[in-house]
Amino acid sequence: MSAIKLNRLIISDIWQHKFLLVLMLCCLGSALAVVEFTHMNRQLTMYEDKILQHRDTLEMEWRNLLLEQRALSEHSRVEELAATKLNMVRPSGPQDVVVQEP
């Protein structure tokens, strides 16, 4: 019989202080939300760092490609390739042809 009275006592006590129970559940929910949002924030920060590192890698590759393009398009290199691979020479005076626009 004492177990039945104890159960009734607990239920009646909870019923009397239901506002405190609701407040306790709200605090617990708020704490769990803080933990979840902190975890999400850390994951997003790590993802942002990864993306920024990838951006830096791409920028470095872009700079290297620009340098390579400048080196390959230098006038002296183009002249050398034209002379060696294509057997091209500069035209002399009589070989010059002037084209006039109509």
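Whatever comes next refers back to the structure up there.
Residues numbered from 1 in each chain as written. Predicted model: local features only at pLDDT ≥ 70, side-chain atom pairs only at ≥ 80, totals over all residues. Heavy atoms only, no water.

Trainee: Can you tell me about unusual backbone geometry, naming the residues and giving the values?
Mentor: Residue N87 is not a glycine yet carries a positive backbone phi of 55°. Summarising the element assignment, N87 is placed in the segment after helix 3 (75-85). Using a relative accessible area of 64% as the deciding quantity, one classes N87 as exposed. (Helix = DSSP H or I, 4+ residues; strand = E, 2+ residues; numbered from the N terminus. Buried < 20%, exposed > 50% of the residue type's maximum accessible area, 1.4 Å probe, protein only.)

Trainee: Mind laying out the packing of aromatic side chains, listing which residues take part and the relevant values?
Mentor: For the structure shown, the criterion picks out zero aromatic pairs. Over the ring of W15 we find K18, and its NZ or CZ is 3.9 Å from the ring centre. (Phe/Tyr/Trp six-rings, centres within 6.5 Å; stacked < 30°, edge-to-face > 60°. Lys NZ or Arg CZ within 6 Å of the ring centre and 35° of its normal.)

Trainee: I'd like a description of a nonpolar patch on the surface, backed by residues and values.
Mentor: On the surface, L6, L9, I10, I14, L21, M24, L25, L28 and L32 cluster together into a nonpolar patch covering about 860 Å² of accessible area. Counting residues per element, the ones that place at least two in the nonpolar patch are helix 1 (2-16) and helix 2 (18-72). With five residues, helix 2 is the largest single contributor of residues to the nonpolar patch. Mapping L9 onto the fold places it in helix 1. (Patch = residues over 30% accessible without salt bridge, like charges linked within 9 Å, V, L, I, M, F, W, Y side chains within 5 Å. Areas by Shrake-Rupley, 256 points an atom, 1.4 Å probe, with all protein chains shown as cover. Salt bridge = Lys/Arg side-chain N within 4 Å of Asp/Glu carboxyl O.)

Trainee: How would you sum up the pattern of salt bridges? Please name residues and give values.
Mentor: Taken as a whole, this structure holds four salt bridges when the rule is applied. Of the charged contacts, one joins D56 and R55 as a salt bridge, the two residues approaching to 3.4 Å between their closest N and O atoms. We classify D56 as partly exposed; its relative accessible area is 37%. A salt bridge links E59 to R63, with the shortest nitrogen-to-oxygen separation between them at 3.8 Å. One end of the pair is E59 and the other is R63, both in helix 2 and four residues apart, which spans about a single turn. Each of R55, D56, E59 and R63 takes part in a single network of salt bridges with overlapping partners.

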